[in-house]
Amino acid sequence: MERREFIKLASATAALAAIPGCASVGGGKSIGRVVVVGGGYAGATAAKYVRMWGPDIEVTLVERNTDFVSCPLSNLVLSGGKSIKDLTVSYNKLGSKYGVKVINDEVTAIDAAKRTVTLARGTALSYDRLIVAPGIDFMYDTIPGLSNAAAQENVLHAWKAGPQTVALRKQLEAMPDGGVFAISIPKAPFRCPPGPYERACLVAAYLSKHKPKSKVLILDANEEVVAKKGLFTKAWKDLYPGMVEYRANSELVDVDVKTLTAKLQFEDVKANVLNVIPPQRAGKIAAGAGLITANNRWCGVDYLTFESVAHKNIHVLGDAILAAPKMPKSGHVANQHAKVCAAAVVALMHGEAVYAAPVIANTCYSFVNETQAVHVSAIYKYDTAGKTMASVPDSGGLSSAATDIEGMYAEGWAQNIWADMLG
Amino acid sequence: MKKIASAICVSGVLAFCAGAVQAADDVGGRNLAAACAACHGTNGHAVPGMAAMAGMDKTYIVKVMQEFKTGKRPATLMHQIAKGYSDDQIALIADYYSKQK
């Protein structure tokens, strides 16, 4: 090292020692604690990135499941191409590589005034900043026939990957050839807008191979296919001719579980396997903590920090937030929320300015059969005037057609985003 | 000073101070690049299935992104992504990834 450089280095060291937080270096003392509630696409990413960008911040992640199981790609479990194991990733590296303290427990209450969270089993945790990434809860109160647990085990949602996904696959296996698989889609917004239509494709892929006389009936509460309309419509027509029937404006009013009947406003539809994706709202803990600010369903946030508009020092991410117009509730978007939030939390805890020009992306891949996929993409940047995230003009778009190469990229996307959050 | 400070911070001795001394551009590059990481890996360290960008030449990244933007380079998706970024933003991202080991 040159002498001149050495002097600079020495004075830099002295200067750094004067910065609060740096004094703690040798001892590794932290400048504060962040608690993250929920280890999905949003929460796990936030936990990792806060530690990565703010190594002097202590991070505790509370997650009720022992492993992460991905919803994206889980429709491939229904077609038979994947098992839940293929979609499962351990939380271990968050601890071993990034020093996140992972607690397998459930947060039952948040006290915003005292800055503490209560756990179902463990002792309460205090925080300087809380990141709540609770995902969604199902509004079963809107479907009287599904209000009890036994009914919910017969008419599955399979909209959180895991046991329900496996159970739905078993129902399909038990369905007679010539049977009807009916899927009910709630009014938007809901988690993963292309997901139900991808599911119709992949169930049809399974049925056309094993039970070719069967039908896939899509009962959509919306006026039209909510995502990738042209691509899905083409897939149903070309890949599964005569098998998939799409009905718009078919909102579910109730279910008769005994007869597997979907009750719509003007008709009843009987199925052999009935799959109901119920209307959704922010995960339960958000309601308890007073974080829900819109339509009694979603959590309003400041898009520069993802801090709740209702409570200081509490940030909300992922599917639970009141999303900016056209920003879908997707795993990819949740990952992006988490990074904007992590950067802001690290800056705020260091007394620095929050980055004022975030740009984030969305990409949702959907499989139309076991190997071919299509995507929709979008780029959003912070709109200072509207205080929201707005699509960048002329950016983003759709696949021109379903291809094998995009099927491979969809796999590549999954492996990489899982590694980005947990690896 | 900026260079020296970051040299100290990556040396590990004062790694905890990195946040305190990072210049605005570095933070901007880091934050913008993080959006790409969902597909291209944390700090550009991709796992198989997507291109790794860590340590890629800065001018190469800028050139490729421009080619995606204009449609000169065939792509399934990147043309749509590249159009979402200004030249300045691409330069910041390229600079960030080129410096990752």
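Before any of the text, the structure's been laid out above.
Since we're looking at a predicted model, the values are computed, not measured.

Rules used in this analysis
- Residues numbered from 1 in each chain as written.
- Chains lettered and ligands numbered in written order.
- Predicted model: local features only at pLDDT ≥ 70, side-chain atom pairs only at ≥ 80, totals over all residues.
- Heavy atoms only, no water.
- Pairing = 2+ DSSP bridges.
- Helix = DSSP H or I, 4+ residues; strand = E, 2+ residues; numbered from the N terminus.
- Core = buried A, V, L, I, M, F, W, Y, C linked by side-chain atoms within 4.5 Å.
- Buried < 20%, exposed > 50% of the residue type's maximum accessible area, 1.4 Å probe, protein only.
- Contact = heavy atoms within 4.5 Å.
- Phe/Tyr/Trp six-rings, centres within 6.5 Å; stacked < 30°, edge-to-face > 60°.
- Lys NZ or Arg CZ within 6 Å of the ring centre and 35° of its normal.

Let us now look at the pairing of strand β14 (residues 252-256) of chain A. Residues and elements named next belong to chain A. Summarising the sheet, β14 and strand β15 (residues 261-264) pair through 4 bridges and their orientation is antiparallel. What sits directly across from Asp254, in β15, is Lys263. The antiparallel hairpin formed by β14 and β15 contains 4 residues in its connecting segment, where Leu260 sits at a positive phi of about 50°.

Our focus in this paragraph is the nonpolar core. All names here are of chain A. Judged by nonpolar contacts, the single largest core of 164 residues is most densely connected at Ile110, Phe181, Val216 and Trp418. Of all the elements, helix α10 (residues 331-349) adds the most residues to this core, at 10 residues. In this view, Trp418 contacts Tyr41, Phe68, Ser70, Pro72, Leu73, Asp86, Leu87, Val89 and Gly423; residues no more than four positions away in its chain are not counted.

Another aspect to go through is the packing of aromatic side chains. One pass over the full model with this rule turns up 10 aromatic pairs over all chains. Ring geometry for Tyr41 of chain A against Trp413 of chain A: centres 6.4 Å apart, planes inclined by 15°, an arrangement best described as stacked. Residue Tyr41 of chain A is located in helix α2 (residues 41-53), and its partner Trp413 of chain A is located in helix α11 (residues 404-422); the two are separated by 372 residues in the primary sequence. Residue Tyr41 of chain A is classed as buried on the basis of its relative accessible area, which comes to 9%. Where Phe138 of chain A meets Tyr140 of chain A, the ring centres are 6.1 Å apart and the plane angle is 55°; that geometry is what we call tilted. Positioned above the aromatic ring of Trp298 of chain A, the side-chain terminus of Lys329 of chain A is 3.7 Å from the ring centre. One Lys or Arg, Arg30 of chain B, reaches over the ring of Trp53 of chain A and ends 3.9 Å from the middle of that ring.

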